[in-house]
Amino acid sequence: MALTREEREQFLAEPHIAALAVDAGAGRAPLTVPIWYQYEPGGDVWIMTGLDSRKNELIQAAGRFSLMVDRVEPTIRYVSVEGPVVRTVPATLERLREISSRYLPAGKVDEYVDFAWKNHGEQVVVHMRPERWVSTDLGSV
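Residues numbered from 1 in each chain as written. Predicted model: local features only at pLDDT ≥ 70, side-chain atom pairs only at ≥ 80, totals over all residues. Heavy atoms only, no water.

K.L.:
Looking at this structure, how should I read unusual backbone geometry?
P.N.:
Negative phi values dominate among residues other than glycine, just as trans dominates among peptide bonds. In this structure, the amide linkage connecting E73 to the following residue, P74, adopts the cis form with an omega of 0°. Following the sequence through the fold, P74 ends up in the loop between β5 (64-71) and β6 (76-90). (Helix = DSSP H or I, 4+ residues; strand = E, 2+ residues; numbered from the N terminus.)

Right, dumping it as structure tokens:
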């Protein structure tokens, strides 16, 4: 059964690991990789990635990407969202802390943020405006 707008937005706002997909060019399947993301209902989705990463290069070239999140308990549910890149900005320590806090236990955030800020190289935050949604809840099969 398809999810309502409120259900799909709330599900996307939960801290799932997303599968990011972006066009990888002629003769290639889309690049599909796991990624952390941030989303609040009604807003844009954002991800953080390396400025010089293949992922960022492909996203900038395509001008859009998709995210898909799912779960298997208590019901089988997924949400896929696709849309245009609306802005790309340099990452900040505050954004790194925000997204890290979403996925890591509180006691691990400071150590991870310190490590990532010093070792992951220059990062960018890419904002995508959700344009097309596909969602369903298959219940418990």
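K.L.:
Honestly, the pattern of salt bridges in this entry has me stumped. Any pointers?
P.N.:
Pairing is possible between side chains of opposite charge, provided their charged atoms come close. Within the structure shown, the criterion is met by 11 salt bridges. Between E9 and R5 there is a salt bridge whose closest N-O contact spans 3.2 Å. A residue pair is termed a helical-turn pair when its members lie 3 or 4 positions apart in one helix, as E9 and R5 do in helix α1 (residues 5-13) at 4 residues. With a relative accessible area of 51%, R5 lands in the exposed category. The partner of R132 in a salt bridge is E82, with the nearest N and O atoms 3.4 Å apart. In this pair, R132 is assigned in strand β8 (residues 132-139) and E82 in strand β6, connecting sequence segments 50 residues apart. Taken together, the shared-partner salt bridges in this structure form one network comprising R64, E82, E131 and R132. (Salt bridge = Lys/Arg side-chain N within 4 Å of Asp/Glu carboxyl O. Buried < 20%, exposed > 50% of the residue type's maximum accessible area, 1.4 Å probe, protein only.)

K.L.:
Please explain the environment of A21 as it appears in this structure.
P.N.:
Along the chain, the position of A21 falls in strand β1 (residues 18-22). In this structure A21 comes out as partly exposed when scored by relative accessible area, which is 25%. Between the C-alpha atoms of A21 and P34, which are 13 residues apart in sequence, the distance is 9.0 Å.

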